[in-house]
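Breakdown of the fold
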Amino acid sequence: MTTFKSLAAGAAASALIAGSAGADITVGYFLEWPMPFEYAKATGMYEEALGTGINWVSFDTGTAMSAAMASGDVHLSVSQGVPPFVVAVSAGQDLQAIDVAVSYADNDNCVVAEALEIDKTSAEELAGKKVAVPLGTAAHYGFLKQMSHFGVDISGMEIVDMAPPDGAAALAQGSVDMACGWGGSLRRMKEHGNVLLSGAEKEELGILVFDLTSGPAGWIAENSDTVAQFLSVTARANAMWADESNRAKMLPVIARDAGMDEDATAETLATFVFPPVDAQLTEKWLGGGAQEFMKGVADVFVEAGSIDAALGSYEGTVNTGPLDTALGM
């Protein structure tokens, strides 16, 4: 049986609302995960449009976001990975996906320790190795799909549940043979090893990598206008970034908010795609493609024993109402 050891803890839910006095909504996001919305976050664009205070809370994993939304401490999560979203809704948590926050393939991967000298031509040598994986995340899904592709039996591996920053540290220290993660953690992992497959090679295997903006269904229903305004501001920030004439002023602000230097921020953003609202509403994304992909993720997790069961359909977990409204703003 695969060994799972929880060696990493997410943000404590009891501390999430600290400092939120006067804030009407609390929004989760990731540090070291630079996105145009952070320019809007840092410059007060959201508060101006919504007419309310916002308490921004950073997380290490999308699973921690789910827990915080379940407790009611967080109302919206920006850039929650599809796998942690799928894990939550498959277990009965009443969350809804309301937009595609970002699409990326080269910014979420697994890195094999350099000393092992294992690449895609010798991946079978990973059998029995120790791997740091943030369970229930996009990195976890990618890990499972890659191991299946290479014919590596994960039941013989020691899989350690670690948030990406801890996985990067463990790989650097030589205490794991492979680590999976994203963003700044992935860049640090690459300093000590190599990826097995590029982003393009993963996409050829059907390993899509994109994040969602999500929130509790009840809260979204009660605050649909607020949610639409929030998505509208996000779309404006994405459109600003798409215009290269804005990047000189936006980059340092985004970098500072993400806790990164400007070079690393620019390098990361170059691997991201931010679909405009009209594209998100097409069949490729929230018009059906995302729901089909969620079902595929869930079925892989069931087969791997990571979740008990998948939903028959994930159509009901997507709510395009606020995004439709945002499109007309």
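Throughout this description, residue numbers start from 1 for each chain and increase along the sequence as written. Owing to the predicted nature of the model, reporting of local features is limited to residues with pLDDT of at least 70; listing and counting of side-chain atom pairs is limited to 80 or more, with chain, interface and lining totals taken over all residues. Heavy atoms from the whole structure form the basis of all side-chain values; hydrogens and water molecules are not counted.

**Observations concerning the overall build of the protein**
Selection criterion: A run of H or I in DSSP counts as a helix once it spans at least four residues, and a run of E counts as a strand once it spans at least two, with each numbered from the N terminus. Atoms counted for the radius of gyration: C-alpha only. Globule rule: 2.2 Å times the number of residues to the power 0.38. To sort residues, take the accessible area from a 1.4 Å probe on protein chains only and compare it with the maximum for the residue type: under 20% means buried, over 50% means exposed, and anything in between is partly exposed. In what follows, a contact means two residues having at least one pair of non-hydrogen atoms within 4.5 Å.
Within the protein, the secondary structure is distributed over 15 helices and twelve strands. Computed over C-alpha atoms, the radius of gyration of the protein comes to 19 Å, within 12% of the 20 Å expected from 2.2 N^0.38 for 329 residues, which places it in the range of a compact globule. Expressed as a percentage of its 329 residues, the buried residues of the protein come to 54%. Counted over contacts in the protein with a minimum sequence separation of 6, partners at least 24 positions apart contribute 80%.

**Let's talk about the side chain of Thr137**
The cut-off we apply is this: Identification of polar contacts relies on pairs of N or O atoms within 3.5 Å, with a donor-acceptor requirement for protein atoms, meaning one able to donate a hydrogen and the other able to accept it, and with residues adjacent in sequence counted only if both atoms are side-chain atoms.
Structurally, Thr137 is set in the loop between strand 7 (130-133) and helix 5 (138-150). Owing to a relative accessible area of 2%, Thr137 belongs among the buried residues under this scheme. At 2.6 Å, the side chain of Thr137 and the backbone oxygen of Pro134 are in polar contact.

**Considering a negative patch on the surface**
Convention followed: Exposure above 30% relative accessible area and the lack of any salt bridge qualify a residue for a patch; like charges then connect within 9 Å, and the nonpolar side chains Val, Leu, Ile, Met, Phe, Trp and Tyr within 5 Å. Here, Shrake-Rupley sampling with a 1.4 Å probe gives the accessible areas, and only protein chains in the shown set may cover a residue. By definition here, a salt bridge exists when the distance from a side-chain nitrogen of Lys or Arg to a carboxyl oxygen of Asp or Glu is within 4 Å. Under the counting rule used here, the positive set is Lys and Arg, the negative set is Asp and Glu, and His together with the chain ends is not counted. By convention, charge coordinates are those of NZ in Lys, CZ in Arg, CG in Asp, or CD in Glu.
Where like charges cluster on the molecular surface, the negative patch consists of Asp261, Glu262, Asp263 and Glu267. Tracing the sequence through the fold places Asp261 in the loop between helix 11 (247-258) and helix 12 (262-269).

**What to know about the nonpolar core**
Keep this limit in mind: Nonpolar cores are built from buried Ala, Val, Leu, Ile, Met, Phe, Trp, Tyr and Cys residues. Side-chain atoms within 4.5 Å join them into one set.
Counting residues in each nonpolar core, the largest one holds 93 residues, and the members touching the most others are Met35, Leu126, Phe143, Met147, Met157, Phe230 and Met294. Among residues more than four places away in sequence, those in contact with Met147 are Leu126, Val152, Ile154, Met157, Met178 and Leu196. Of all hydrophobic cores here, the second largest spans twelve residues; its members include Ala113, Val160, Met162 and Ala179.

**Regarding the packing of helix 4 (residues 82-90) against helix 14 (residues 289-303)**
Selection criterion: In this description, a line fitted to the C-alpha atoms serves as the axis of each element, helices being fitted only across the stretch in contact, and the angle between N-to-C directions of two axes falls anywhere from 0 to 180 degrees. The scheme is simple: roughly parallel for angles under 35 degrees, roughly antiparallel for over 145, roughly perpendicular for 65 to 115, oblique for anything else. Polar here means any residue outside two lists: the nonpolar Ala, Val, Leu, Ile, Met, Phe, Trp, Tyr, Cys and Pro, and the charged Asp, Glu, Lys and Arg; Gly therefore counts as polar.
Contact pair helix 4 / helix 14: the axes reach a minimum separation of 10 Å and the direction vectors enclose 75°. Our classification of the angle between helix 4 and helix 14 gives roughly perpendicular. For the pair helix 4 and helix 14, contact is made by Val82, Pro83, Phe85, Val86, Val87 and Ser90 and by Phe293, Met294, Val297, Ala298 and Phe301, respectively. Split by residue class, the contact of helix 4 with helix 14 holds ten nonpolar, one polar and no charged.

**Here's the deal with the pairing of strand 9 (residues 178-182)**
Our working definition: Any two strands between which DSSP finds at least two bridges are classified as paired.
Among the five residues that make up strand 9, five are buried, leaving the element largely enclosed by the rest of the structure. Residues Met178, Cys180 and Trp182 of strand 9 are buried on one face, and the alternating residues Ala179 and Gly181, pointing to the opposite face, are buried as well. Alignment of strand 6 (residues 108-113) against strand 9, held across five bridges, turns out to be antiparallel. Bridge pairing in strand 9 links Val112 to Met178. Note: strand 7 against strand 9, two bridges, orientation parallel. Among the inter-strand pairings, Ala132 is bridged to a residue of strand 9, identified as Ala179.

**Regarding the environment of Glu191**
Relative to the assigned elements, Glu191 resides in the loop between helix 7 (183-190) and strand 10 (193-195). Residues Glu191 and Ala113 lie 78 residues apart in sequence; the distance between their C-alpha atoms is 9.4 Å.

**Quick word on the confidence of the model for the protein**
What counts here: Residue-level confidence of the predictor is summarised by pLDDT, bounded by 0 at the bottom and 100 at the top.
For the protein, per-residue confidence averages 91 on the pLDDT scale, and 93% of positions sit at 70 or higher. The model gives residues 1-22 a pLDDT under 50, and that stretch makes 43 contacts with residues more than four places away or in other chains.

**As for helix 7**
Within helix 7, burial applies to Gly183, Gly184, Ser185, Leu186 and Met189. Lining the buried residues of helix 7 we find strand 6, helix 6 (164-173), strand 9 and strand 10.

**Side note on the packing of aromatic side chains**
Defined as follows: Two aromatic rings from Phe, Tyr or Trp, using only the six-membered ring of Trp, form a pair when their centres are within 6.5 Å; if the ring planes differ by under 30 degrees the pair is stacked, by over 60 it is edge-to-face, and anything between is tilted.
Counting across every chain of the model gives 15 aromatic pairs. With a centroid separation of 4.9 Å and 80° between ring planes, the pair formed by Trp33 and Tyr104 is classed as edge-to-face. Of this pair, Trp33 sits in the loop between strand 2 (23-30) and helix 1 (37-43) while Tyr104 sits in strand 5 (residues 95-104), and the two are 71 residues apart along the sequence. Exposure class is identical for Trp33 and Tyr104. Each is buried. Ring geometry for Tyr141 against Phe301: centres 6.2 Å apart, planes inclined by 75°, an arrangement best described as edge-to-face. With Tyr141 in helix 5 and Phe301 in helix 14, the pair connects residues that are 160 residues apart, well separated along the chain. The exposure class of Phe301 is buried, given its relative accessible area of 0%.

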